[in-house]
Amino acid sequence: MPVADTAPGLTEPPEDDALPINELFASLQGEGRLAGVPSVFVRTSGCNLRCWFCDSYHTSWEPTGGWRTIDAILEAISDSDADHVVLTGGEPLLHDESVTLLERLADRGYHTTVETNGTIAREAPIDLASISPKLASSTPTPERDPTGDGEWAERHDRERIDRDAIATLCERHEFQLKFVVTGPDDMPEIESLLTDLRADATVPIPNEQVLLMPEGTTRAELEETRGTVAECAMEYGYRYTPRLHVDLWNDAPGT
Ligand code: SF4
């Protein structure tokens, strides 16, 4: 998919082997089964969806950043001692060059996690596919659209779930399914989607690989959601995942 369609704030790439980078930083993985692991985050710009609650607004609603060559990205990663790299976005699998980066990271022995919305599957060496399918509650209806007009609502709702892509990612890689949960009303959709995915995929999708994560990008917002989401995890038998970076650093950039 052309990046220009999803990242209009970015100019054309200067070279073939470059990625639009919103930010690159070292921190602790904040979410999922590797929470707490020192990691380098490579955040690409551009997304094919528009969740109203997007916690990386400047990769989706207002994509910004600069093009960096794969060599320059690898050099920046090597400045950190971390041996885990998290490729995130936006939607990092939009970009052909993400595959090149993942191949070169694998050659160097890094453990790679790809944080994806599950709408695109690519042939790439990925150690952990962290798949976050977007539920109906993510749709930017006119009342929830951060830009105020709701023009993305229909496209977002049409494209937010691709069962074939999710099943392929599960089959190809070690994976976790990480749902952003706004409250108990999301649970029937999660249950229904899991029933379908378990029928589609040729690999098991056990409950311990299903994670519920409270919606909220600040400590105050998480305070509102984390209790009920933890109760949902207990009731349905899934795992709860914190947002450690929010607990530690609130909504500070580069964390
Ligand atoms: S899929 Fe992820 S990056 Fe894209 S809009 Fe939704 S939360 Fe933001």
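Preceding this paragraph is the structure being described.
Overview of the structure. (Residues numbered from 1 in each chain as written. Predicted model: local features only at pLDDT ≥ 70, side-chain atom pairs only at ≥ 80, totals over all residues. Heavy atoms only, no water.)

## Details of the sheet that holds strand β2 (residues 38–44)
Turning to step 1, where the next piece is worked out: Spatial strand order, β3-β1-β2-β4-β5-β6-β7-β8-β9: 9 strands in an open sheet with mixed pairing. In the strand order of this sheet, the two ends are held by β3 (66–69) and β9 (239–240), each with one partner.
Turning to step 2, where the next piece is worked out: Across 4 bridges, the pairing between strand β1 (residues 18–28) and β3 is antiparallel. By the bridge assignment for β3, Ile21 is matched with Gly66.
Turning to step 3, where the next piece is worked out: In this fold helix α5 (residues 163–172) packs onto β5 (111–116), β6 (128–131) and β7 (175–181), with an angle of close to 155 degrees to the strand it touches most, β6.
Turning to step 4, where the next piece is worked out: On the sheet, helix α7 (residues 219–236) packs against β7, β8 (210–214) and β9 and is oriented at approximately 155 degrees with respect to β8. (Pairing = 2+ DSSP bridges. Helix = DSSP H or I, 4+ residues; strand = E, 2+ residues; numbered from the N terminus. Contact = heavy atoms within 4.5 Å. Axes fitted to C-alpha atoms, helices over the stretch in contact; angles between N-to-C directions.)

## A short note on α5
Turning to step 1, where the next piece is worked out: All buried positions along α5 are accounted for by Ala165, Ile166, Ala167, Leu169 and Cys170.
Turning to step 2, where the next piece is worked out: In this structure, the buried residues of α5 make contact with β5, β6, β7 and α6 (187–200).
Turning to step 3, where the next piece is worked out: Regarding α5, its N-cap is Asp162, as a side-chain oxygen of that residue lies 3.2 Å from the backbone nitrogen of Asp164 further along. (Buried < 20%, exposed > 50% of the residue type's maximum accessible area, 1.4 Å probe, protein only. Polar contact = N/O pair within 3.5 Å; in protein donor to acceptor, adjacent residues only side chain to side chain.)

## Observations regarding the site of the ligand
Turning to step 1, where the next piece is worked out: Every residue near the ligand is listed here: Cys47, Leu49, Arg50, Cys51, Cys54, Ser56, Ser60, Gly90, Asn117 and Lys134.
Turning to step 2, where the next piece is worked out: Of the residues in the shell around the ligand, the class split is 4 nonpolar, 4 polar and 2 charged. (Near = heavy atom within 4 Å. Nonpolar A, V, L, I, M, F, W, Y, C, P; charged D, E, K, R; others polar.)

## Quick word on the pattern of salt bridges
Turning to step 1, where the next piece is worked out: One pass over the structure, following the stated rule, counts 18 salt bridges.
Turning to step 2, where the next piece is worked out: In this structure, the salt-bridge partner of Glu31 is Arg243, at a minimum N-O distance of 3.6 Å. Remark: Arg243 occurs in the loop between β9 and α8 (244–249) and Glu31 occurs in the loop between β1 and β2; sequence separation between them is 212 residues. Both residues of the pair, Glu31 and Arg243, belong to the buried class.
Turning to step 3, where the next piece is worked out: Salt bridges here are not isolated pairs; linked through shared partners, they connect Glu31, Asp55, Glu115, Lys178 and Arg243. (Salt bridge = Lys/Arg side-chain N within 4 Å of Asp/Glu carboxyl O.)

## With respect to the environment of Trp152
Turning to step 1, where the next piece is worked out: With respect to the element layout, Trp152 can be found in the loop between β6 and α4 (153–159).
Turning to step 2, where the next piece is worked out: Taking the C-alpha atoms as reference, Trp152 lies 27 Å from Glu31; in sequence the two are 121 residues apart.
Turning to step 3, where the next piece is worked out: Once residues lying within four places of it in the same chain are set aside, the contact partners of Trp152 are Asn48, Leu49, Arg50, Trp61 and Pro140.

## Description of unusual backbone geometry
Turning to step 1, where the next piece is worked out: Residue Gly90 is reached from Gly89 by a cis peptide bond, and omega for that bond is 10 degrees.
Turning to step 2, where the next piece is worked out: With respect to the element layout, Gly90 can be found in the loop between β4 (84–88) and α3 (96–107).
Turning to step 3, where the next piece is worked out: Of note in this structure, Asn250 is not a glycine but carries a positive phi near 55 degrees.
Turning to step 4, where the next piece is worked out: Judged by relative accessible area, which is 26%, Asn250 ranks as partly exposed.

## Quick word on the side chain of Arg122
Turning to step 1, where the next piece is worked out: Along the chain, Arg122 falls in the loop between β5 and β6.
Turning to step 2, where the next piece is worked out: Once you skip the residues sitting within four places of it in the chain, Arg122 turns out to touch Leu93, Leu94, His95, Asp96, Val99, Arg172 and His173.

## Some points on the environment of Glu123
Turning to step 1, where the next piece is worked out: As for its position among the elements, Glu123 is in the loop between β5 and β6.
Turning to step 2, where the next piece is worked out: Between the alpha carbons of Glu123 and Pro146 there is a distance of 34 Å; along the sequence they are 23 residues apart.
Turning to step 3, where the next piece is worked out: Every residue in contact with Glu123, bar those within four places of it in the chain, is listed here: Val99 and Arg172.

## Re the nonpolar core
Turning to step 1, where the next piece is worked out: Counting residues in hydrophobic clusters, the biggest one holds 46 residues, and the most contacted among them are Leu101, Leu177, Phe179, Ile190, Ile205 and Leu212.
Turning to step 2, where the next piece is worked out: Top contributing element to this core by residue count: α6, with 5 residues.
Turning to step 3, where the next piece is worked out: Those residues within four positions of Leu101 in sequence are excluded, and the remaining contacts are Leu19, Val42, Ile70, Ile73, Leu74 and Leu87. (Core = buried A, V, L, I, M, F, W, Y, C linked by side-chain atoms within 4.5 Å.)

## Focus: the packing of helix α2 (residues 70–78) against α3
Turning to step 1, where the next piece is worked out: One way to put it is that α2 packs onto α3 with a least axis distance of 10 Å and a crossing angle of 45 degrees. The angle between the axes of α2 and α3 places the two elements in the oblique class. Considering how the two elements wind past one another, α2 and α3 form a crossing that is right-handed. Counted together, Ile70, Asp71, Ile73, Leu74 and Ile77 of α2 and Glu97, Thr100, Leu101, Arg104 and Leu105 of α3 form the full contact between these two elements.
Turning to step 2, where the next piece is worked out: Tallied by class, residues from the contact of α2 with α3 come to 6 nonpolar, 1 polar and 3 charged. (Parallel < 35°, antiparallel > 145°, perpendicular 65-115°, else oblique. Left-handed = near helix turned anticlockwise from the far one by under 90°.)

Geometric descriptors of this kind do not, in isolation, establish any biological role.
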